[in-house]
Amino acid sequence: MAPEPAAAAARTRDVQLAMYHRARRTLPGGTDSNFRAWGEDTVYVDRGKGARIWDLDGNEFVDLRMGYGPVILGHADDRVDDHVNERMRRGVSFSLTSEDEVRAMELLCELTGWVEMARMTTSGTDATMHAMRVARAYTGREKIVKFEGQYHGMHDYALISVLPNDVSDLGDADNPVGLAWGRGIPGPVADTIIPARYNNIDRLRRLFERQGEEIAAIIVEPVLGNAQGIMPQPGFHQAMRALTEEFGILLIFDEVKTGFRFGRGGAAEFFGIRPDLATYAKAMGNGYPAAAFGGRREIMEMLPKKVSHGGTYAGNRIAAAAASKTLEIIRDTPALETIKATGERIQAGLRQVIDAKGLAYQITGHPAMFGIMFTEHVPSEYRDWANTDHELYDAIAVGMKSRGAMPEPDSREPWFVCEAHAQGDLVDRVVSIFADSFHAALEERARRGEVPPAGEPTHGAAASSSGG
Ligand SMILES: Cc1ncc(COP(=O)(O)O)c(C=O)c1O
């Protein structure tokens, strides 16, 4: 008989509940981001160190969200923090340029190997907005193609066909509609964005043949970072690169999640692609608000004379110093190799647990950023998420949180691995918490008579789409 799953530990939330009610009076939803507004389950954090965080009630968690990806080394990393502290004492905001910014962008160019010029911004949102504008200016065309289920930030041009819960809202598969996420996005702005389907090169060709002369660029998250890191099918990026060149359309890699995580040169290096422009944020600053856009010299030289770009905090000292130090560590130490090996160890543990129950599943993405989807078929686009057993995943994620490990409680967000997850027994802890939560979720289903709790291993290990 299978061992009894460990019961979810009783974790008090009294201090956080009080904070939630206090915060709600001032902050809509009690938070500074819709993504963090989890009602009475909203987490109020006290501190983090390495791969662990503690909430205001003193509960400890192994963090698998890592701030949606930026914390690549670990929370409160002394190497980065000491450097930032030292630099910030010289003043942080001059709206003049410091050497830290120059250094950060030199490192970005060095690590990517193909970016010739870049500028810092204050967020990934900022970076994608500016990259799109530069692309429009350079080509003299107005439309941008983006893929369904991809997230490029919070500006009006990015919030089209992002993450509907009901994928039928995206329109007919052969004729997708541009679905604005939330109110307040002007129709004429939304009309400049053409939705496309990831991993479907034939449809892309037909779209380019129809409207190519209006299209300035295609922006792509190299993997579907907001759908468990769904990978491109072999040859997809190469075919898209060739197609964009054929039609004079720029290729923008949105590397906000993949940059300096999939490899020192990001997903462009990982997939062997040379885009025209790219955007970076997250891992480049280990959690400090560092971001950038950059690309081919000829395109970036539209700045400063022909295209507007600026920002009071663009390249501020704290972000620039954090980026310089983080990128140096990524360049000079085996941090990324450690992260990949740690992700692989976690994945191996998860496979063992799920295989023993014989459920069909896929592990998607890269070991540094991966997802678990309960489905027989390797997912290839956002619409496939709807056909996975995401309710099972969600039940597991909620169970994990109550047992001391915190993935995002949404089956679309991948797990993020940082360098510090390699420390101590954290990998074993994550796997054992996953196992207990998985078994508890299956037993709950069996109790409701929904799914047989056990069977022979069928899918999983062989069907992984991990590109690592
Ligand atoms: C691929 C991608 N692009 C852009 C953004 C927006 O970045 P930010 O939240 O820094 O504005 C995100 C954020 O998650 C992202 O994942």
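For the protein chain, the count of helices and strands is 14 helices and 16 strands. In terms of C-alpha radius of gyration, the protein chain reaches 22 Å, essentially the compact-globule figure of 23 Å for 468 residues. C-alpha atoms of the protein chain, sized along the principal axes, occupy 70 × 55 × 45 Å. Buried residues in the protein chain amount to 56% of all 468 residues. Total accessible area on the protein chain is roughly 19,400 Å²; 49% of this is exposed by carbon and sulfur atoms.

This paragraph deals with the pattern of salt bridges. Applying the stated criterion across every chain yields a total of 30 salt bridges. As a salt-bridge pair, E337 and R264 come within 2.9 Å of each other at their nearest N and O atoms. One end of the pair, E337, is in helix 11 (residues 335-355); the other, R264, is in the loop between strand 10 (250-254) and helix 8 (266-271), with 73 residues separating them in the sequence. Taking the shortest distance from any N to any O, the salt bridge between D425 and R429 comes out at 3.7 Å. Note on D425: relative accessible area 42%, which makes it partly exposed. Connected through shared salt-bridge partners, R241, E245, D276, R296 and E298 make up one network.

Turning to the side chain of T121, a few remarks are in order. Relative to the helices and strands, T121 resides in strand 4 (residues 117-121). A polar contact is formed between the side chain of T121 and the backbone oxygen of S123, at a distance of 3.1 Å. The contact partners of T121, leaving out residues within four places of it in the chain, are D126, A127, H130, P289, A290, A291, A292, F293, H309 and A314.

Note on aromatic pairs: each is described by the distance of the centres and the angle between the planes. Applying the stated criterion across every chain yields a total of 17 aromatic pairs. Relative to Y151, the ring of F35 has its centre 5.7 Å away and its plane inclined at 90 degrees; by these criteria the two rings are edge-to-face. Highlighted residues: F35 in the loop between helix 1 (14-24) and strand 1 (45-49) and Y151 in the loop between strand 5 (143-147) and strand 6 (171-172), separated in sequence by 116 residues. Following the ring pairs from residue to residue traces out a cluster consisting of F370, F374, W415, F434 and F438. Between the NZ or CZ atom of R136 and the centre of the ring of Y157, over which it lies, the distance is 4.5 Å.

Moving on: unusual backbone geometry. Of note, the bond from L303 into P304 is cis; its omega dihedral lies within 30 degrees of zero at 5 degrees. The residue P304 is located in the loop between helix 9 (297-300) and helix 10 (317-332) in this model. Located in the positive-phi region is M66, a residue other than glycine, with phi close to 45 degrees. You can see M66 is positioned in the loop between strand 3 (60-63) and helix 2 (78-88). A positive phi angle, close to 45 degrees, is found at S95, a residue other than glycine. Looking at where S95 falls in the secondary structure, it is placed in the loop between helix 2 and helix 3 (99-112). Judged by its relative accessible area of 54%, S95 is exposed.

Quick look at the confidence of the model for the protein chain now. Model confidence for the protein chain is summarised by a mean pLDDT of 93, while 94% of its residues fall at 70 or above. Here residues 1-6 scores under 50 on pLDDT; set against residues more than four positions off or in separate chains, the count is 7 contacts. Contacts from residues 452-468, a stretch scored under 50 in pLDDT, to residues over four places away or in other chains number 46 contacts.

Contact geometry of helix 6 (residues 201-211) with helix 7 (residues 236-247) gives a least axis separation of 10 Å together with a crossing angle of 10 degrees. Taken as axis vectors, helix 6 and helix 7 run roughly parallel relative to one another. In this structure, helix 6 uses I201, L204, R205, F208 and E209 to contact helix 7, whose residues at the interface are F236, A239, M240, L243, T244, E246 and F247. Within the contact of helix 6 with helix 7, the residues separate by chemical class into 8 nonpolar, 1 polar and 3 charged.

Judged by pairing direction, the sheet is antiparallel, and its 3 strands sit side by side in the order 13-14-16 without closing on themselves. Whereas interior strands pair on both sides, the edge strands pair on one side only; in this sheet they are strand 13 (362-366) and strand 16 (415-416). Bridge count between strand 13 and strand 14 (residues 369-373): 5 bridges; the pairing is antiparallel. Following the sheet pairing, T364 is matched in strand 14 by G371. Helix-sheet contacts for helix 11 involve strand 13, strand 14 and strand 16, and the interaxial angle to strand 14 is about 10 degrees.

Thresholds applied
Numbering of residues begins from 1 in every chain and follows the order in which that chain's sequence is written. Confidence filtering applies because this is a predicted model: local features only for residues at pLDDT of at least 70, side-chain atom pairs given and counted only at 80 or more, and all residues used for totals across whole chains, interfaces and linings. Hydrogens and water molecules were not included; the side-chain quantities draw on all heavy atoms of the structure. A run of H or I in DSSP counts as a helix once it spans at least four residues, and a run of E counts as a strand once it spans at least two, with each numbered from the N terminus. Between the two quantities, the radius of gyration covers C-alpha atoms and the globule rule is 2.2 Å times the number of residues to the power 0.38. Burial status follows relative accessibility: with a 1.4 Å probe on protein chains alone, a residue under 20% of its type maximum counts as buried, one over 50% as exposed, and anything between as partly exposed. With residues, only the protein chains shown are counted as cover, and all accessible areas are computed by Shrake-Rupley using a 1.4 Å probe. Note on definitions: salt bridges are taken to be side-chain nitrogens of Lys or Arg within 4 Å of carboxyl oxygens of Asp or Glu. Any pair of N or O atoms that falls within 3.5 Å is considered a polar contact. Within protein, one atom must be able to donate a hydrogen and the other to accept it, and sequence-neighbouring residues count only if both atoms are side-chain atoms. We call two residues in contact when some of their heavy atoms are within 4.5 Å. The aromatic pairing rule takes the rings of Phe, Tyr and Trp, using the six-membered ring of Trp, and pairs them if the centres are within 6.5 Å, calling planes under 30 degrees apart stacked, those over 60 edge-to-face and the rest tilted. Both a distance and an angle decide whether a charge sits over a ring: NZ of Lys or CZ of Arg must be within 6 Å of the ring centre and within 35 degrees of the ring normal. Confidence scores here are pLDDT values: one per residue, from the predictor, ranging 0 to 100. Fitted lines through C-alpha atoms serve as axes, helices being fitted only where they are in contact, and the angles separating the N-to-C directions of these axes extend from 0 to 180 degrees. What sets the label is the angle itself: under 35 degrees gives roughly parallel, over 145 gives roughly antiparallel, 65 to 115 gives roughly perpendicular, and the rest give oblique. Under the scheme applied here, ten amino acids are nonpolar (Ala, Val, Leu, Ile, Met, Phe, Trp, Tyr, Cys and Pro), four are charged (Asp, Glu, Lys and Arg), and all others, including Gly, are polar. If DSSP finds at least two bridges between two strands, the strands pair.

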